[in-house]
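# Observations on the three-dimensional arrangement
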Amino acid sequence: MKRLKIAPRQNWQSIVEAQGLPYHSAGGVYWQDDVYYSMTQQQADYIDVVTTSAYSMIHRLVGKMMSNSFERAVIRKRMVDSGILPDAVEAVFENWDEIGQYKTRTSYGRFDLAFDKNMRLRMFEYNADTPVVLIETGYCQWEWLVDQFGDKVGESVGQINELYPELKEMFYSWKSQGIHDMVFTCDKGQIGEVYEYEASCLYLMEIAAEAGISGTFKFTEQLEVGNVKPIITVDGKLPGAVFKLYPTEWLVDDLHHNGWKNAADVLRVNNLIEEPFKLLMGGKWLLPELWKEYGSDVFIPAWHNRNDCLNKKVVAKSYYGRIGMEVEVLQPGEQTTLQGPVIYQEFTESFEVDGWKPVLCSWVINGRSAGVGIREQQTEVTTDSCRFAPHVVELK
């Protein structure tokens, strides 16, 4: 895989802003119009296979654990220990029992993958509940490819990018199930600033409209909550579905802190997307279990107890930390300073080019690999201050 330079498009800032990406220069540099990654078709196929199979293995393992009464109790304890309200955990379990165990084709999620020094793909984690880097991947980088390579697209160059058609199919499927209206919600960024969560919601709302589903956007603090039950309503009525780029456990906590003793009922009454059971698939506590179950072809060795890996350089991760939050690199012998329960994942030396370490944000929609966006950084931990670079697949 190569990291290449290219002349940026004239007025590229205005182009991506018009496409819904106003935060192109967040932190100084975010979207890079003059840099891209080039990969072979063989590498693209490899990413596709790993993404689809990893999703299948995660769903299968969660099903195996949830069908065992002892392991189910262990999962309950881990979720409660991480700060999730006990009634919310029960609601998540109910959601798994009702639909999760049967629903092998859920809406969407994002794997963070990286090639190691030997060009073997490794999975850092799976964001099952609140994945972003969506509009950059599905829309902006495709338009960049067309602008930069023109008639070569489809002939000699391509991209791992089926996000838009897969998302549209997803919304069509929901409409066929009787969903005609949706609320799209995320928390608010800085005053007057459109940021990645809001941009993702607005992009999805546009695709939903194309599929015939009407959408309303609300920041989480603007959500209307029913008078009798802690449920999300619009003009006093229950919407067909609520798409939230907001952690499930935070939504319950917000209602709980606002005085609702039965706050977890929001998980039972509202048709939430992502579904509550996705908390089972995205918790970092699952990483050691994946390694034990399937080995280290894709899954990185990971442990629950630091004493089991004290002589190793590891990455400590909180059970439900997000966007590089609550992550700590530990040298051999060091103990974590993170609060609450953590897992320890063996430190992986990832593929590096020109001092940059690319992380492949590989999307899965309806159980299938659907697209890749590349974020890069020069640090050991990927954070929300990393940069986005488009990619090209060399077809010939």
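Calculation rules
- Residues numbered from 1 in each chain as written.
- Predicted model: local features only at pLDDT ≥ 70, side-chain atom pairs only at ≥ 80, totals over all residues.
- Heavy atoms only, no water.
- Core = buried A, V, L, I, M, F, W, Y, C linked by side-chain atoms within 4.5 Å.
- Buried < 20%, exposed > 50% of the residue type's maximum accessible area, 1.4 Å probe, protein only.
- Helix = DSSP H or I, 4+ residues; strand = E, 2+ residues; numbered from the N terminus.
- Pairing = 2+ DSSP bridges.
- Axes fitted to C-alpha atoms, helices over the stretch in contact; angles between N-to-C directions.
- Contact = heavy atoms within 4.5 Å.
- Salt bridge = Lys/Arg side-chain N within 4 Å of Asp/Glu carboxyl O.
- Left-handed = near helix turned anticlockwise from the far one by under 90°.
- Nonpolar A, V, L, I, M, F, W, Y, C, P; charged D, E, K, R; others polar.
- Phe/Tyr/Trp six-rings, centres within 6.5 Å; stacked < 30°, edge-to-face > 60°.
- Lys NZ or Arg CZ within 6 Å of the ring centre and 35° of its normal.

General note: in soluble globular proteins, nonpolar side chains tend to be found buried as a group. Of all hydrophobic cores here, the largest spans 69 residues; its most connected members are Ile-58, Met-79, Phe-111, Met-123, Leu-280, Trp-285 and Leu-360. Per-element accounting of this core gives the leading share, 11 residues, to helix H2 (residues 41–66). Tyr-23, Met-205, Phe-219 and Ala-370 belong to the second-largest nonpolar core, a separate cluster that totals 48 residues.

Backbone-to-backbone hydrogen bonds pair the strands of a sheet. The strands run either parallel or antiparallel. Strand order across the open sheet formed by five strands is S4-S3-S16-S17-S18, with antiparallel pairing between neighbours. In the strand order of this sheet, the two ends are held by strand S4 (121–127) and strand S18 (387–389), each with one partner. Mean inter-strand twist for the sheet, computed between neighbouring axes without regard to direction, equals 35 degrees. Sheet topology note: the strand S3 (residues 108–115)/strand S16 (residues 357–365) ladder contains six bridges and is antiparallel. Of the residues in S16, the one forming a bridge with Asp-112 is Cys-361. With respect to the sheet, H2 is in contact with S3, S4, S16 and strand S17 (368–377), its orientation differing from that of S3 by roughly 125 degrees.

So, on to the pairing of strand S13 (residues 314–318). Consecutive side chains along a regular strand alternate between the two faces of the sheet. Counting buried positions along S13 gives five out of five residues, so the element sits mostly inside the fold. Taken together, the four bridges between S13 and strand S14 (residues 327–330) define a ladder with antiparallel strand orientation. Within S14, the position partnered with Val-315 by the bridge is Val-329.

Next up on the list: the pattern of salt bridges. Here the structure, examined in full by the defined rule, presents 24 salt bridges. Across the pair Asp-33 and Arg-9 runs a salt bridge whose closest N-O atoms are separated by 2.7 Å. Residue Asp-33 is found in the loop between helix H1 (12–18) and strand S2 (35–40), and its partner Arg-9 is found in the loop between strand S1 (2–5) and H1; the two are separated by 24 residues along the sequence. Take Asp-33 and Arg-9: they sit in the same class, and that class is buried.

So, on to the packing of H2 against helix H4 (residues 86–100). Interhelical geometry of H2 versus H4 gives an angle of 115 degrees and a closest axis separation of 12 Å. Seen along the crossing, H2 lies across H4 with a hand that is left-handed. Of the residues in H4, those in contact with His-59, Val-62, Gly-63 and Met-66 of H2 are Phe-93, Trp-96 and Gly-100. Grouping the constituent residues of the contact of H2 with H4 by class yields four nonpolar, three polar and no charged.

Here we have four strands laid out as an open sheet, ordered S12-S15-S13-S14, and antiparallel in their pairing. The open sheet is flanked by strand S12 (302–303) and S14, the only strands paired with a single partner.

Extensive coverage of S17 is indicated by the burial of nine of its 10 residues. Relative to S17, S16 runs antiparallel, the two being bridged by nine bridges. Pairing of Val-364 across the sheet is with Ser-369, part of S17. Where S16 folds back on S17, the antiparallel hairpin that results is connected by two residues, among which Asn-366 adopts a positive phi of roughly 55 degrees.

All right, on to the packing of aromatic side chains then. As enumerated under the stated definition, the model contains 21 aromatic pairs in all. Their ring planes at 50 degrees and their centres at 6.1 Å tell us that Tyr-46 and Phe-115 sit as a pair that is tilted. Taken as a pair, Tyr-46 in helix H2 and Phe-115 in strand S3 lie far apart in primary sequence, 69 residues in all. Note on Phe-115: relative accessible area 3%, which makes it buried. Measuring from centroid to centroid gives 5.8 Å for Phe-184 and Phe-243, while their planes differ by 35 degrees, and the two rings are tilted. Taken together, the positions of Phe-184 in strand S6 (residues 181–186) and Phe-243 in strand S10 (residues 241–245) put the pair 59 residues apart, joining distant regions of the chain. Judged on exposure class, the residue Phe-184 and its partner Phe-243 are both buried. Taken together, the ring pairs in this structure connect Tyr-108, Phe-171, Trp-174, Phe-184, Phe-243 and Trp-363 into an aromatic cluster. Over the aromatic face of Phe-347 sits the side chain of Lys-313, whose NZ or CZ is 3.9 Å from the ring centroid.

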